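Structure at a glance
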Amino acid sequence: MKTLNEVLARMAEIQSEIDSEDADLDALATEFEELKSERQKHIDRQERRNAIANEVVNGTADITVLSRTEKEEERKAVPNTEKLYRNAFIKNLMGVELNAEERAAFTHTTENTPAVIPTETANKIFSTLGEVHPIVGDVKRLNTKGIFRMIRHTEIVQGDAKQVAELAANDDEQNTFVEVVLAGKKISKHVRISYELKAMAVDEFENYLVAEIGQRIEAELARLIIASIKDETKGIVAANKLSAATAGTLTVSDVLRTLAALKDVGTTYIYANRADVFGSIASMENTNQTLNFLPDLQNKVSGNLLGNGIKQEDALAPGEILVLDPYQFLLNIASPLEIIRQREATTGDWVIAGHVLADGAMENPKAGAVLTVGEDAGGA
């Protein structure tokens, strides 16, 4: 483990390095989060050291040395505090009375911080992201817990790689950069606690929260991502917004024009709502008897179109087809998911609400394209 001074020094270096044009922002953000955690461990350790020192000075310390066997037995006797806290957290949301052990675990965890979501519950919620709306699970996600400034490289004006004559030098590189601020947009979903919900078992109520709050927040995240992709300040360039040659009819030529609009991409997928996947795409005229649409039930896609996996994304409007390299879209979680309970004065009902701050943008504005077929696509 680094010393506290080493941690602080490295954090200061990172703050300087992020201004560099060639900085690896993802790696620096990950390292900064690890350093913050390490810094907190030093602070906690120092606070514990100070508390013990005060007890020793005042003669109140009760220090007992246990043998290895005694320590092992003591460890086995300690209840699973994470499980207790998870039960306490959910029961507290339900308005159900806690037992003594649960109350102690809840009080211990929340005495200095707000009631954080238990790890098990949070994992269930976030593991569902992408199940109903695949684009949410596909894009790159960064948990900065704050504002993130993305520096987008939009163009190399001069000095790109090229062949040069012997002893000749390439032109100095000149680039165009645009700063995009991802401060976060608030997404909220709440439910009211009824008598039937109070009667649920803890596991059933947790599953209800995952489905009712987690999945609805996922749906709004999908809509946010798609809106950001279509926003020219955060998303794709205007030239990558295309229309079908014949409104309401999708052809191979339309798909090829859309695929050709992408630049500097890796793996790309085609996203469309269910009506278009099994309408305009699956029924696209096969003029030259080539295989355009191939069903695929094994690779988490609905099928393949000209070598690109097709994913059903119902956050897209009817007649709207998105081709995207999802890893070149960055979703910033500016504030982690929070679940709180509060009583409504006018009705007396308990309300449970989930809140998250998120925003996103394309790192490469030519890594996606939207094809508008028309609202009549596939007979919808």
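Below is a summary of the structure that appears in this document. (Residues numbered from 1 in each chain as written. Predicted model: local features only at pLDDT ≥ 70, side-chain atom pairs only at ≥ 80, totals over all residues. Heavy atoms only, no water.)

Counting buried residues along strand β9 (residues 308–312), four of its five residues qualify, which places the element largely inside the surrounding structure. Relative to β9, strand β6 (residues 269–272) is paired through four bridges, and the arrangement is parallel. Within β9, the position partnered with Ile270 by the bridge is Ile310. Taken together, the three bridges between strand β8 (residues 303–305) and β9 define a ladder with antiparallel strand orientation. Bridge pairing in β9 links Leu305 to Asn308. Hairpin geometry of β8 and β9 is characterised by an intervening segment of two residues between the two adjacent antiparallel strands and by a positive phi of about 50° at Leu306. (Buried < 20%, exposed > 50% of the residue type's maximum accessible area, 1.4 Å probe, protein only. Helix = DSSP H or I, 4+ residues; strand = E, 2+ residues; numbered from the N terminus. Pairing = 2+ DSSP bridges.)

Relative to the assigned elements, Phe32 resides in helix α2 (residues 25–58). Not counting the four nearest positions on each side in its chain, Phe32 is found in contact with Met11, Ile14 and Gln15. (Contact = heavy atoms within 4.5 Å.)

Right, let's talk about the sheet that holds strand β12 (residues 350–362) for a bit. The pairing of strands in a sheet comes from backbone hydrogen bonds and takes either a parallel or an antiparallel form. Pairing within the open sheet is mixed, and its four strands lie in the order β1-β11-β12-β4. Because the sheet does not close on itself, it has two edges, and the strands there are β1 (140–142) and β4 (185–192). Mean inter-strand twist for the sheet, computed between neighbouring axes without regard to direction, equals 30°. Bridging between strand β11 (residues 329–343) and β12 involves 12 bridges; their strand directions are antiparallel. From the neighbouring strand, Arg343 faces β12, where its bridge partner is Trp350. The sheet strands contacting helix α4 (residues 81–94) are β11 and β12, and the helix crosses β11 at an angle near 60°. (Axes fitted to C-alpha atoms, helices over the stretch in contact; angles between N-to-C directions.)

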